[in-house]
Amino acid sequence: MRVRSRSLTEKSVPVLCGLSTLLLLTIFSYICYLLSSGLEALRPAFLFSSILDGGILEPMVGTFYLFAGATAIVAPVGTLAAIYMVKYAPRGRLTRLVDAAINNLAGVPSIIFGIFGFTFFCKLLGLGICLLSGWMTMACMMLPIMTRSVEEALKMIPEHIREASLALGATRWQTIRHVVLPAAVPGILTGMVLSIGRIAGETAAILFTACFYTMRGLPQTPLDPTLTLTYYLYVLVLYMPGRLEPRQVFGLALVLFLLTVALNSVAFVFRAYCRRWRRWM
Amino acid sequence: MRQIRRLLRRKLPEWAEAVTMLCALNSIAVLSLIVLFVAWEALPALLGWTGVSLTFENKWSVEHEKCGLYVLLVSSLMASMGALAMAIPVGVAAAIFLAEVIPGGLREAVRPLIELLGAIPSVLYGFVGLKVVVPTVQRLFNLYYGQTALTASIVLAVMIVPTIVSLSSEIISAVPVEYREASLALGATKWQTVRHIVLPTAMPGIVASAILAFGRAMGETVAVVMVAGTSTELARPFWDFLQPIYPMTAAIAMGFGEAEVGGAAYHVYFAIGAILLAFAFTVNLVASLLLRKAPTRVRL
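Numbers given to residues run from 1 along each chain, matching the order in which its sequence is written. To label them, take the chains in the order written and letter them from A, then take the ligands in the order written and number them from 1. Totals for whole chains, interfaces and linings use every residue, but because this is a predicted model, local features are given only for residues with pLDDT of at least 70 and side-chain atom pairs only at 80 or more, for both listing and counting. Hydrogens and waters are ignored; side-chain quantities use all the structure's heavy atoms.

Visitor: Please set out unusual backbone geometry residue by residue, giving values where relevant.
Guide: Of note, the phi angle at Asn142(B) is positive, near 55°, even though the residue is not glycine. Starting at the N terminus, helices and strands are each numbered in turn, a helix being any DSSP run of H or I of at least four residues and a strand any DSSP run of E of at least two. When you line up the elements, Asn142(B) lands in the loop between α4 (122-140) and α5 (149-173).

Visitor: Can you lay out the nonpolar core for me, pointing to particular residues and giving the numbers?
Guide: Counting residues in hydrophobic clusters, the biggest one holds 194 residues, and the most contacted among them are Leu233(A) and Trp60(B). The greatest single-element share of this core, amounting to 19 residues, is contributed by helix α2 (residues 69-101) of chain B. Those residues in contact with Trp60(B), other than ones at most four positions away along the chain, are Lys66(B), Cys67(B), Gly68(B), Leu69(B), Val71(B), Leu72(B), Thr232(B), Tyr246(B), Val268(B), Tyr269(B) and Ile272(B). Among buried residues, those of type Ala, Val, Leu, Ile, Met, Phe, Trp, Tyr and Cys that are joined through side-chain atoms within 4.5 Å constitute a nonpolar core. Remark: exposure states derive from per-residue accessible area (1.4 Å probe, protein chains only) relative to the maximum for the residue type, with buried under 20%, exposed over 50%, and partly exposed in between. What makes two residues a contact is simply this: any of their non-hydrogen atoms within 4.5 Å.

Visitor: Tell me about the domain arrangement of chain A, and name the residues and values.
Guide: A common way to express how large an interface is: the accessible area buried when the components associate. Residues and elements named next belong to chain A. Just so you know, the domain bounds were taken from an automatic or database domain assignment. Domain assignment breaks chain A into domain 1 (1-37) and domain 2 (45-275). In this structure, domain 1 and domain 2 have C-alpha centres spaced 36 Å apart. Contact residues are listed per partner, giving six residues for domain 1 and five residues for domain 2. Using a 1.4 Å probe, buried area is obtained as the accessible area two parts lose upon being combined, added over both of them. At the boundary of domain 1 with domain 2, total buried surface from both sides reaches about 480 Å², with 82% on carbon and sulfur atoms. Looking only at domain 1, the three residues that lose the most surface to domain 2 are Cys 32, Leu 35 and Ser 37, adding up to 74% of its buried area. By salt bridge we mean one thing: a side-chain nitrogen of Lys or Arg within 4 Å of a carboxyl oxygen of Asp or Glu. On inspection of domain 1 and its partner domain 2, the count reaches zero salt bridges. Think of a polar contact as two N or O atoms within 3.5 Å of one another; within protein, one of them needs to be a possible hydrogen donor and the other a possible acceptor, and neighboring residues in sequence only count if both atoms come from side chains. Across the domain 1-domain 2 interface, the total number found is zero residue pairs in polar contact (both at pLDDT 80 or more). Per-class residue counts for the side of domain 1 that touches domain 2 are four nonpolar, two polar and no charged. Nonpolar residues are Ala, Val, Leu, Ile, Met, Phe, Trp, Tyr, Cys and Pro. Charged residues are Asp, Glu, Lys and Arg, and all others, Gly as well, are polar.

Visitor: Break down the interface of chain B and chain A for me, citing the residues and quoting the values.
Guide: Taken together, the 75 residues of chain B in the interface contact 74 residues of chain A. Roughly 6,600 Å² is buried in total at the junction of chain B and chain A, and carbon and sulfur atoms are behind 82% of that figure. Counting across the interface, chain B meets chain A through zero salt bridges. For the pair chain B and chain A, the number of links is two residue pairs in polar contact (both at pLDDT 80 or more). Split by residue class, the side of chain B that touches chain A holds 57 nonpolar, twelve polar and six charged.

Quick look at the structure:
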C-alpha cells in the first residue's frame, strides 16, 4: 500500500508540474491568438496614415523617437559606468554603493519615475511635457539594465587578453580603448536592445512626462510632446473607446506586441551570439 | 580644431577614470534625486500642512478632501496577494518542471517563451484583461460590473508568474549536483530528492522570487488601472474579492494628471508615491538578503 501511494506521487508530481508549464504556454498562445485578430487591420492605409485619418503613424514614429533619444542618452553613460565598475574599481566601496543604487533603481515602480520626471524635468527644469523630458525619464529607467548588461559583457572578457595588452606596454586607457571596448561591443548592443525592451511597453512613466493625447502631428523639436503606441492604446481603451473600430484597436495592440517580441528576440539572439563568441575567444 | 583634438588625445587617458567614475556616480545621483523629491513633495501631506490630512478611514475622494488610505492600501494588498496566491503554485511547479524534468534542449525553447510572457507591455495585459477576463468574471459570478479585485488579481498573476518561474528555476538548477547524488545514492527516489533535498536548499531563492513578484504586482500601474475599477469606498470587507477596488498606483495614474502643481491633492499623490517607494525598497532589501543564502549568486 505504502509503496503504491509513493509510486503514485512519483508519477503525479511531474505531471502536475508539466500541466502548470502547459498552462503558462497556453496563456501565451491564447494572447497571440487573440491579438492575431488584428492582423487584417494591418494595412498600409492604417499603419502609415495620421491619427486624424484613423491611422497610427504618429504613435509609431513617436515610439521610435522616444527609443532613439533615450538610448542615445543612456548608452554612453551606462557603458562608461560599467567600465568604471569592472575595470577601474572592481571591489571598491564606491562600486558597492553604486551596485546597491542600481539594484534599488531597478525596483522602483514606473509610476514613481513618472511623477518624479514630471516634477523634476517638466516643472523644476522647466522643460514642460515634451519628448526631452520623456527621454530623460526613460534614461533613468534604463540605466540599471544598461549598466548591468555591459558589466556582464566586460566580465566575460578573458583576463589574459587584457594582461597581454598591459604586458606589451599599453596604458590602462589604451587597453580599455583598444582591447576591452571592441570586445564589449556585442554586450553594449545587447544592453541597448534589452533596455529598449524594458521601456518598450512603458506607459506609466510617460503618462505625465512626454504625452498629450490632444497633440496633433509629429513632434518637430525635442520640446514638443509626442505620442507612443502604448500611450495611444491606453487612451483609446480608457478615454476614447469609439474612436477606432475594434478591429483596428486589435491591430494597434498587435503592432505593439510584435514590437515587443521582435526586441526580445533580437536580445535573445545577441546574447546567444555573445556566449558563443566568448567560447571561441 | 586640431588643437582641441591634440588636447583630447593627450588628456583623455588622464580624464578617463574621472569621467567613468562620474557616470557610475550618476545612478546614485538619480536614485537619491528620486527619493529626495518624492519625500520632499510628500512631506506636506504626511505632516498635514496642506489642510488635507491623510487618515485611515474607508473613504477616498481627493476632490472632497477625504483621503482615507485604507481604500488604497487594502486594494493594493488585495490585488497583489490574490495574484501571488495564484502565481506561486503555478510558478513554482513550472520552475520545478523546467529545472528538473524537461530535457535541456526543450528547456531552452520553453524558457524564452515564458520570459516573453513577462516582457509583454502592461498596457497590452490591461487590454487583454479588459477584453477577456473582465467579461468572463462578470458572467461567471453574475455581477453588474466585471472590474473587480479578482479580475485584477488574475491579470497581475499572469504578469508576475514569469518572474517567479525564471528566478526559481535558475536557483533550483543551481543546487549542487553532489547533494542530489548523495540523496540518490542513499536510495531516495528522484521526487524524494527534489522534495527533501533540492527544494529546501533552493527555498530562500524561491521565497525571494515570490517577494520580488509581490513588489512587481504592487508597482504595476497601467494594467491595474484598466481592470481593477475605481472605487472610492470598499463596499464590502477585504476578503470579498468580487468588489471593485482602487489600488495606490491606479489612484496616482488617474488623479495625478489633474492635480494642480503644489496643491493639496498633488502632495497627497506624492505621499502615496512615498509609500509605494518604501514598499519597493523593503521588497528589494528582503529579496537580496534572502538571495545571499541561495546556492548561486543571482543578481536582482
